[in-house]
Amino acid sequence: MMKIVETIKEMQNILKAHRKEGKTVGFVPTMGYLHEGHLALVRESKKTCGITAASIFVNPLQFGPKEDLAKYPRDFERDRALLAKEGADYIFCPSSEEMYPDGFQTFVELEKVTKNLCGASRPGHFRGVTTVVNKLFNAVPCDKAFFGEKDFQQLAAIKRMVKDLNIDMEIIGVPIVREADGLAMSSRNTYLSEGERKSALCLYAAITEARKTVSGGVSDPKEILAKAQQVITNTPGTRIDYVKLCDVETLEYIEDVKIKGAVLLALAVFVGRTRLIDNTILEV
Ligand code: AMP
């Protein structure tokens, strides 16, 4: 039977007891409104961990003042049913007051890997992410935590944070889960109108175009980016936030030198008012 836990103390006590029994605990942090991308993380945890805990917490700290915190989709009953069906053992769903009581004032902030891409477009976002993930790691004592490659920069930041702060855990990245037509699954896809849902395909189409360009022998970053950008600018109702090639570890932009080996193509595009992100590793 899956158990729902709302307080930090109870979650800590339960999982500490499991670990004392010698069980491996896997943890899947989410903001809820679950889809197949989230469920892939749960399945990955179940493969190697005796106990799997998922969290559902829409973290106010990672939303900017003009972002979608208030309208972020929520459906706890649906999420509960999906997690039960996957065989998760615990849902940790604290209130905002439980996570951020009066007087809260400690933050975790990385200096480099969070500067570019979404870090540049969403000031304070990653400070909110790394702070809450660090808190969640303390509230949900675990051996392994699972994160989607969909949020590649988030995954890179968390891996770096765990290394830098000597957090004794393994961080596991899970490949992007896509809809049949290529759109990366996201809770925010529910914001899209029918027309916007079609336009949203331009992110995957841009990735496909970049892959094709690279496999055609092009290694000039400007040429690859121009091809990818063109796919988006040709799509009605869209606006590019960024389309960038980056070093896969540091996420520094690659703008002039010819690309070689594995590089990250990362993009963020507004489709109507909805901001979508996607990425892929290009192998040259
Ligand atoms: P979120 O609820 O959006 O904060 O996402 C929770 C976790 O699910 C994060 O580690 C995301 O990277 C991951 N995730 C979200 N969408 C996908 C997807 N389409 N494929 C794989 N992982 C995903």
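Thresholds applied
- Residues numbered from 1 in each chain as written.
- Predicted model: local features only at pLDDT ≥ 70, side-chain atom pairs only at ≥ 80, totals over all residues.
- Heavy atoms only, no water.
- Buried < 20%, exposed > 50% of the residue type's maximum accessible area, 1.4 Å probe, protein only.
- Helix = DSSP H or I, 4+ residues; strand = E, 2+ residues; numbered from the N terminus.
- Pairing = 2+ DSSP bridges.
- Near = heavy atom within 4 Å.
- Polar contact = N/O pair within 3.5 Å; in protein donor to acceptor, adjacent residues only side chain to side chain.
- Areas by Shrake-Rupley, 256 points an atom, 1.4 Å probe, with all protein chains shown as cover.
- Axes fitted to C-alpha atoms, helices over the stretch in contact; angles between N-to-C directions.
- Contact = heavy atoms within 4.5 Å.
- Expected span 1.5 Å × (residues − 1).
- Arc of directions from axis to C-beta.
- Salt bridge = Lys/Arg side-chain N within 4 Å of Asp/Glu carboxyl O.
- Right-handed = clockwise from strand over helix to strand, strands pointing away.

Counting buried residues along strand 9 (residues 274–283), eight of its 10 residues qualify, which places the element largely inside the surrounding structure. Two elements, strand 8 (residues 262–271) and strand 9, share 10 bridges in a ladder whose sense is antiparallel. Note on strand 9: the bridge partner recorded for Leu264 is Ile281. Between strand 8 and strand 9, which pair antiparallel one after the other, the connecting turn spans two residues, and Gly272 there sits at a positive phi close to 60°.

Here the focus is the environment of Gly195. In this fold, Gly195 is placed in helix 8 (residues 194–199). For the pair Gly195 and Lys135, spaced 60 residues apart in sequence, the C-alpha to C-alpha distance is 39 Å.

Looking now at the site of the ligand. If you check the shell around the ligand, you find 17 residues, and the closest are His38, Gly148, Asp151, Val177 and Met185. One nitrogen or oxygen atom from the main chain of Met31 is found 2.9 Å from an oxygen atom belonging to the ligand. Within the side chain of Asp151, a nitrogen or oxygen atom sits 2.6 Å from an oxygen atom of the ligand. Relative to its unbound accessible area of 480 Å², the ligand is 92% covered by the protein chains. Counting residues per element, the ones that place at least two in the shell around the ligand are strand 2 (25–30), helix 2 (36–48) and strand 5 (144–148). If you tally residues by element for the shell around the ligand, the top one is helix 2, at three residues.

Attention shifts here to the sheet that holds strand 3 (residues 51–56). Note: strands within a sheet are paired through backbone hydrogen bonds, in either parallel or antiparallel orientation. The sheet built from six strands is open, its strands ordered 1-4-3-2-5-6 with parallel pairing. Every interior strand has two partners, whereas the edge strands, strand 1 (3–5) and strand 6 (170–174), have only one. Shown here is a sheet whose adjacent strand axes are inclined to one another by a mean of 25°, direction ignored. Where strand 1 meets strand 4 (residues 90–92), three bridges bridge the pair, whose relative direction is parallel. Paired with Lys3 across the bridge in strand 4 is Tyr90. Against the sheet, helix 7 (residues 152–164) contacts strand 5 and strand 6, and its axis sits at roughly 170° relative to strand 6.

Spatially, three strands are ordered 7-8-9 in an open sheet, and the strand pairing comes out antiparallel. Looking at strand neighbours, the two that pair on one side only are strand 7 (238–247) and strand 9, the edges of this open sheet. Taken pair by pair, the neighbouring strands of this sheet meet at an average axis angle of 15°, ignoring direction. Sheet contacts for helix 9 (residues 201–215): strand 7, strand 8 and strand 9; angle to strand 9, the most-contacted strand, approximately 20°.

Let us look at helix 9. Between its terminal C-alpha atoms helix 9 stretches 21 Å, which fits the 21 Å expected from 15 residues at 1.5 Å a residue. Those residues of helix 9 lying buried are Cys202, Leu203, Ala206, Ile207, Glu209, Ala210, Thr213 and Val214. Across the axial projection of helix 9, the buried residues extend over an arc of 160°, all falling on one side. Exposed and oriented more than 90 degrees from the buried face of helix 9 are Lys212 and Ser215. Each element contacted by the buried residues of helix 9 is listed here: helix 8, helix 10 (221–233), strand 7, strand 8 and strand 9.

Turning our eyes to something else, we now look at the pattern of salt bridges. When the charged atoms of two side chains lie near each other, side chains of opposite charge can form a pair. A full pass over the atoms with the stated rule returns 17 salt bridges. Of the charged contacts, one joins Glu77 and Arg80 as a salt bridge, the two residues approaching to 2.9 Å between their closest N and O atoms. Taken together, the residues Glu77 and Arg80, both in helix 3 (residues 76–86) and three residues apart, mark about one turn of the helix. Its salt-bridge partner being Asp278, residue Arg178 comes within 2.8 Å of it at the nearest N-O pair. Here the residue Arg178 occupies a position in the loop between strand 6 and helix 8, and Asp278 occupies one in strand 9, the gap between them amounting to 100 residues. Classification of Asp278 by relative accessible area gives buried; the value is 4%.

What follows covers the pairing of strand 3. On a regular strand, one side chain projects to one face of the sheet and the next to the other, so that they alternate. Most of strand 3 is tucked away, with six of its six residues classed as buried. Of the two faces of strand 3, the one carrying Ile51, Ala53 and Ser55 and the one carrying Thr52, Ala54 and Ile56 are both buried. Pairing geometry for strand 2 and strand 3, over six bridges, is parallel. Among the inter-strand pairings, Val25 is bridged to a residue of strand 3, identified as Ile51. Running through helix 2, the crossover from strand 2 to the neighbouring parallel element strand 3 is right-handed. Judged from the three bridges that link them, strand 3 and strand 4 form a sheet pairing that is parallel. The partner of Ala54 across the bridge, within strand 4, is Ile91. The β-α-β motif built from strand 3, the intervening helix 3 and the parallel element strand 4 has right-handed crossover chirality.

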